[in-house]
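Spelled out, the chains give:
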Amino acid sequence: AADTTKPAALSRDPAILHSVIEQAGPDMPRADTASVVELPGGKLWVVYHKYEAGKNAGKDHGLCRIWSRTSHDGGRTWVEPRLLVDVAPGDMNVQAPAALRLPSGELLMICLRAHGTGASSSMCRFRSRDHGKTFTEESPVWRQSQGQWLQGGASSLVLLKSGRILLPFHGG
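Overview of the structure. Note that the structure is predicted; figures quoted are calculated from it, not measured.

### Observations regarding the overall build of the protein
1) Next: Across its full length, the protein carries 0 helices and 12 strands.
2) Next: Start at the N end of the protein and walk to the C end: the helices and strands fall as β-β-β-β-β-β-β-β-β-β-β-β.
3) Next: In terms of overall size, the protein behaves like a compact globule, its C-alpha atoms giving a radius of gyration of 16 Å where 172 residues would be expected to give roughly 16 Å.
4) Next: Structurally, the protein occupies a C-alpha span of about 45 × 45 × 30 Å along its principal axes.

This is the structure in C-alpha cells:
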C-alpha cells in the first residue's frame, strides 16, 4: 500500500501545502471530488468518491462509492478511512459528494446516485449531528431525474448570508 502520510511538496509557495488523501493504485484507479470541512477543535473531515478496479475502472461510469477520512494535523495526513455511502442495488455508482458545516454545528452532505446506466440520477442528502460519526439520510434534493443531472466534478454547497444553501449543478 502506498504511504499517504507524507505531504507532497508541489508548490513553491510555502503557504500552500499539497497532501494526498488517498493514493491511486491498481485496486483503486481514481479518487477525487473531495470536499473538506473543519470540525470543532481544528480536526478536518474530508468526503470523496473512490473508484474501484473492474469494468470502466476509474472512468465516470465506473463503480465508485463515497468515503471519508479525518486529519488531526491541518490536512498534512489523512487517517481513519470509512465507507459512508455504498452503491444501491441496480445503480451504476454513487459519486460527487459535497459537505457543509452549518452554523448549528451539524454537517450536511450530498452525493449523486447514478441509476442504471447513468441516464438518471438522484441527489441524496445526509445530516450528521455528531461531527460526522453518524449520518441520517434525509429526503433527496431530487429523485430519479429525467436525464443525468450532476455537479460536474466540482461538488460544492455554499451557505449564503441569508441562510439559503446553494447547490450548483447541470443537466444532460
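### A look at the sheet that holds strand 1 (residues 31-38)
Strand pairing within a sheet occurs via backbone hydrogen bonds; the two strands may be parallel or antiparallel.
1) Next: The strand order across the open sheet formed by 4 strands is 1-2-3-4, and the pairing between neighbours is antiparallel. Two strands lie at the open edges of the sheet, namely strand 1 and strand 4 (79-85), each paired on one side alone. Neighbour-to-neighbour, the strand axes of this sheet turn through a mean angle of 25 degrees, independent of strand direction.
2) Next: The pairing of strand 3 (residues 64-71) with strand 4 spans 4 bridges and is antiparallel. Paired with Trp67 across the strands is Leu83, a residue of strand 4.

### Looking at the state of the cysteines
1) Next: For the coordinates displayed, the defined rule picks out 0 disulfides.
2) Next: With no disulfide of its own, Cys64 lies 9.8 Å from the sulfur of Cys111, the closest cysteine sulfur.
3) Next: Distance from the sulfur of Cys124, which forms no disulfide, to the nearest cysteine sulfur (Cys111) is 4.8 Å.

### So, the pairing of strand 7 (residues 120-128)
1) Next: Counted residue by residue, strand 7 has 8 buried out of 9 residues, so it is predominantly covered.
2) Next: Bridge analysis of strand 6 (residues 107-115) against strand 7 gives 9 bridges, and the strand direction is antiparallel. Paired with Arg113 across the bridge in strand 7 is Ser122.
3) Next: With 4 bridges connecting them, strand 7 and strand 8 (residues 136-142) associate as antiparallel partners. Residue pairing for strand 8: Arg127 is matched across the bridge by Thr136.

### A word on the side chain of Ser122
1) Next: Counting through the fold element by element, Ser122 comes out in strand 7.
2) Next: You can call Ser122 buried: its relative accessible area is 6%.
3) Next: Of note is the side chain of Ser122, whose polar atom sits 2.9 Å from the backbone nitrogen of Gln144.
4) Next: Not counting residues within four places of it along the chain, the set of residues in contact with Ser122 comprises Cys111, Leu112, Arg113, His115, Trp142, Arg143 and Gln144.

### Describing the nonpolar core
1) Next: The biggest cluster of nonpolar side chains holds 14 residues, and the ones touching the most others in it are Trp45, Ile66, Val85, Met109 and Cys111.
2) Next: Put simply, the parts of the chain that give this core at least two residues each are strand 2 (44-51), strand 5 (91-101), strand 6 and strand 7.
3) Next: Tallying contributions element by element places strand 6 first for this core, with 3 residues.
4) Next: With 11 residues, the next largest nonpolar core counts Ala96, Ala98, Ile110 and Met123 among its residues.

### Here's the deal with the packing of aromatic side chains
1) Next: Across all of its chains, the model carries 2 aromatic pairs by this definition.
2) Next: Positioned above the aromatic ring of Trp67, the side-chain terminus of Lys50 is 3.9 Å from the ring centre.

### Examining the pattern of salt bridges
1) Next: Here the structure, examined in full by the defined rule, presents 10 salt bridges.
2) Next: Linking Arg65 and Asp86 is a salt bridge whose minimum nitrogen-to-oxygen distance equals 2.3 Å. Of this pair, Arg65 sits in strand 3 while Asp86 sits in the loop between strand 4 and strand 5; the two residues are 21 residues apart in sequence, bridging distant segments of the chain.
3) Next: Arg127 is paired through a salt bridge with Glu106; the nearest N and O atoms lie 3.0 Å apart. Of this pair, Arg127 sits in strand 7 while Glu106 sits in the loop between strand 5 and strand 6, placing them 21 residues apart in sequence.
4) Next: Exposure remark for Arg127: the relative accessible area of 14% places this residue in the buried category.
5) Next: Salt bridges sharing partners connect three or more residues here, namely Glu106, Arg125, Arg127, Arg129 and Glu138.

Each value, and the rule that gives it
Residues numbered from 1 in each chain as written. Predicted model: local features only at pLDDT ≥ 70, side-chain atom pairs only at ≥ 80, totals over all residues. Heavy atoms only, no water. Helix = DSSP H or I, 4+ residues; strand = E, 2+ residues; numbered from the N terminus. Rg over C-alpha atoms; globule rule 2.2 N^0.38 Å. Pairing = 2+ DSSP bridges. Axes fitted to C-alpha atoms, helices over the stretch in contact; angles between N-to-C directions. Disulfide = S-S within 2.5 Å. Buried < 20%, exposed > 50% of the residue type's maximum accessible area, 1.4 Å probe, protein only. Polar contact = N/O pair within 3.5 Å; in protein donor to acceptor, adjacent residues only side chain to side chain. Contact = heavy atoms within 4.5 Å. Core = buried A, V, L, I, M, F, W, Y, C linked by side-chain atoms within 4.5 Å. Phe/Tyr/Trp six-rings, centres within 6.5 Å; stacked < 30°, edge-to-face > 60°. Lys NZ or Arg CZ within 6 Å of the ring centre and 35° of its normal. Salt bridge = Lys/Arg side-chain N within 4 Å of Asp/Glu carboxyl O.

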